[in-house]
Amino acid sequence: MAALDLRAELDSLVLQLLGDLEELEGKRTVLNARVEEGWLSLAKARYAMGAKSVGPLQYASHMEPQVCLHASEAQEGLQKFKVVRAGVHAPEEVGTREAGLRRRKGPTKTPEPESSEAPQDPLNWFGILVPHSLRQAQASFRDGVLEAKKRKCFLEQVIQCVVSPAAEQEAEDESCLEDWAAAVPAETSAKAI
Amino acid sequence: MLEGAELYFNVDHGYLEGLVRGCKASLLTQQDYINLVQCETLEDLKIHLQTTDYGNFLANHTNPLTVSKIDTEMRKRLCGEFEYFRNHSLEPLSTFLTYMTCSYMIDNVILLMNGALQKKSVKEILGKCHPLGRFTEMEAVNIAETPSDLFNAILIETPLAPFFQDCMSENALDELNIELLRNKLYKSYLEAFYKFCKNHGDVTAEVMCPILEFEADRRAFIITLNSFGTELSKEDRETLYPTFGKLYPEGLRLLAQAEDFDQMKNVADHYGVYKPLLEAVGGSGGKTLEDVFYEREVQMNVLAFNRQFHYGVFYAYVKLKEQEIRNIVWIAECISQRHRTKINSYIPIL
């Protein structure tokens, strides 16, 4: 009986894994769509502004990101991802739905006042009067970053969800199977006799 | 009064007019565009372009072929044709052709200054400058710190010198000021070009003045639209509008006060030409304002060829060729990004 329960639980875990993978695939499609939209909007901006006005000439070789993704190890080996907007002090915590407190970086973070200045909007590399398609491109890529982050969290969640209980289940299952394997020859030999 | 263009034009400019009409006949047709749109890769595109008048212009390029290389080669070809016209021209056509190059010179100056801000090397930027806007003092542009510096030290010998009157200031050149400088230079240039065409009179004025008026109005609309949500103030915006065109002066005053696209549309409703254009923006095809204005520009430039004995054919040919380059680059981008939904958004010319 215990073996049957275990198997049922394994089955439900596998179904859950497949369901989660499907959701992950959906998120990947959304991410790809956003990035493609972004590139197409850039091509439209080149059409409007001239082919050489939107290209590697317009940005410096060293740049400051506007949005950073910080990964940290929480309890049970789960990873937490924080989106930190440069120039803003409170990091947004998105990811595992555990009851985590929103951490606010309070005044204790003042040792680096220069880095708290918000980096320049990359849109300004292309001039002040940029066409609408360039703004759309920026919005698409920004959404893409958030989608990528959500997807990564989800992936971690899926793997952790399945791997640790499954490892336990597998160990239990193996012992059950061994018992069953031991029991079968006993039965058959009993029948034979 | 008999103006006389029909009698005297061909003496000095007949050969070049004949040549430019021949060049115009070699622009891509709708059938060519249909063939290009069906290409799967950029190599296919190159093979199809070989069957047109472009010939083997990409033959020297080894793999991988990029959209940027295609664009550079097409521009070089256009520049070659234009230089031929310029070298064989006599006054006043040579001045007219020099006026045409000023807009590219302004773009190159701004590209060089932006590059200096981003600490790029001059050589890298010089390679990307528009070939039609080349001038000898280009390499020195990046050392200027203020617009007055730029004028006094570098541009005073170039054809851009007369356009600097409104732009002289001691402000350091950051992004906002570079953008203001670009638009003010362009405004002065357009006004000077318009005056030149008007003073020339004759068929040239009849053909070129409406085209340049449309250009001025287009700039006013685009500057207004792009300035929503930026740090450009309304007063600054008004100083960037060229002071001629259908919108001058009442329309420009109203545009300067506009705060969103709908208010801009209300201003355009007063003008029979611009009302349908702005109504076509958005809609099912997802057309942008730039798209509708490019379409109207193509219409006006094609009509310029219906008159003879004027310089407008040269201007119209260069603009139509540029639109063709934009079309091919757009198709190439859609092919290389494998995103074919909007591939038919080019503007057919012939």
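Residues numbered from 1 in each chain as written. Chains lettered and ligands numbered in written order. Predicted model: local features only at pLDDT ≥ 70, side-chain atom pairs only at ≥ 80, totals over all residues. Heavy atoms only, no water.

Under an unreviewed UniProt entry, the name given to chain B is V-type proton ATPase subunit, and the source organism is Pan paniscus.

Under an unreviewed UniProt entry, the name given to chain A is Vacuolar ATPase assembly protein VMA22, and the source organism is Pan paniscus.

Enquirer: Can you walk me through the packing of helix H11 (residues 250–257) of chain B against helix H12 (residues 261–268) of chain B in this structure?
Expert: In a pair of packed helices, the angle between the axes and the distance between the axes together describe the arrangement. Residues and elements named next belong to chain B. Direction vectors running N to C along H11 and H12 enclose 170°, while the axes themselves pass 9 Å from each other. Viewed along their axes, H11 and H12 adopt a mutual orientation that is roughly antiparallel. Taken together, the residues of H12 that come into contact with H11 (itself represented by Gly251, Leu254, Leu255 and Gln257) are Gln263, Met264 and Val267. Along the lines of polarity and charge, the residues of the contact of H11 with H12 split into four nonpolar, three polar and no charged. (Axes fitted to C-alpha atoms, helices over the stretch in contact; angles between N-to-C directions. Helix = DSSP H or I, 4+ residues; strand = E, 2+ residues; numbered from the N terminus. Parallel < 35°, antiparallel > 145°, perpendicular 65-115°, else oblique. Contact = heavy atoms within 4.5 Å. Nonpolar A, V, L, I, M, F, W, Y, C, P; charged D, E, K, R; others polar.)

Enquirer: Mind showing me how you'd approach the pattern of salt bridges here?
Expert: Proximity of charged atoms lets side chains of opposite charge pair with each other. Considering all chains together, one arrives at 18 salt bridges over all chains under this definition. Each of the salt bridges in this network shares a partner with another, and the network as a whole consists of Arg34(A), Glu37(A) and Asp143(A). (Salt bridge = Lys/Arg side-chain N within 4 Å of Asp/Glu carboxyl O.)

Enquirer: Mind showing me how you'd approach unusual backbone geometry here?
Expert: Trans peptide bonds make up the majority, and among non-glycine residues the majority have a negative phi. All names here are of chain B. Of note, the bond from glutamate 91 into proline 92 is cis; its omega dihedral lies within 30 degrees of zero at -10°. Mapped onto the elements, proline 92 comes out in the loop between helix H4 (67–87) and helix H5 (93–117). Look at the link from tyrosine 248 to proline 249: it is a cis peptide, with omega at -5°. Along the chain, the position of proline 249 falls in the loop between helix H10 (234–240) and H11. Its identity is not glycine, yet lysine 119 carries a phi of approximately 60°, on the positive side. Non-glycine residue arginine 338 carries a positive phi angle of around 55°. Tracing the chain through its elements places arginine 338 in the segment after helix H15 (312–337).

Enquirer: Before we go on, may I ask you to explain the packing of helix H9 (residues 202–227) of chain B against H12(B) in this structure?
Expert: All names here are of chain B. The geometry of H9 relative to H12 is characterised by a closest axis approach of 10 Å and an angle of 165° between their N-to-C directions. Judged by the angle between their axes, H9 and H12 are roughly antiparallel. Crossing geometry of H9 relative to H12 is assigned as right-handed. On H12, the residues touching Phe221, Thr224 and Leu225 of H9 are Phe261, Met264 and Ala268. Tallied by class, the residues present in the contact of H9 with H12 amount to five nonpolar, one polar and no charged. (Left-handed = near helix turned anticlockwise from the far one by under 90°.)

Enquirer: I would appreciate a short explanation of the side chain of Asn108(B) in the present structure.
Expert: Tracing the chain through its elements places Asn108(B) in helix H5. Under the relative-accessibility criterion, Asn108(B) is labelled buried at 2%. (Buried < 20%, exposed > 50% of the residue type's maximum accessible area, 1.4 Å probe, protein only.)

Enquirer: Where do I start with the interface of chain A and chain B in this structure?
Expert: The accessible area lost on association of the parts is a frequent measure of interface size. The partner chain B presents 35 residues to the 25 residues of chain A that form the contact. Both sides of the chain A and chain B interface together cover about 2,800 Å² of buried area, and 59% of this is carbon and sulfur. On inspection of chain A and its partner chain B, the count reaches two salt bridges. Lys52(A) is the salt-bridge partner of Asp71(B), the closest N and O atoms lying 3.1 Å from each other. Joining chain A to chain B, the criterion identifies nine residue pairs in polar contact (both at pLDDT 80 or more). Of all the secondary-structure elements, those providing two or more residues to the side of chain A that touches chain B are helix H1 (2–49) and helix H2 (132–192) of chain A. By residue number, the principal contributor to the side of chain A that touches chain B is H1(A), which donates eight residues. Along the lines of polarity and charge, the residues of the side of chain A that touches chain B split into 15 nonpolar, five polar and five charged. (Buried area = accessible area lost by both parts, 1.4 Å probe. Polar contact = N/O pair within 3.5 Å; in protein donor to acceptor, adjacent residues only side chain to side chain.)

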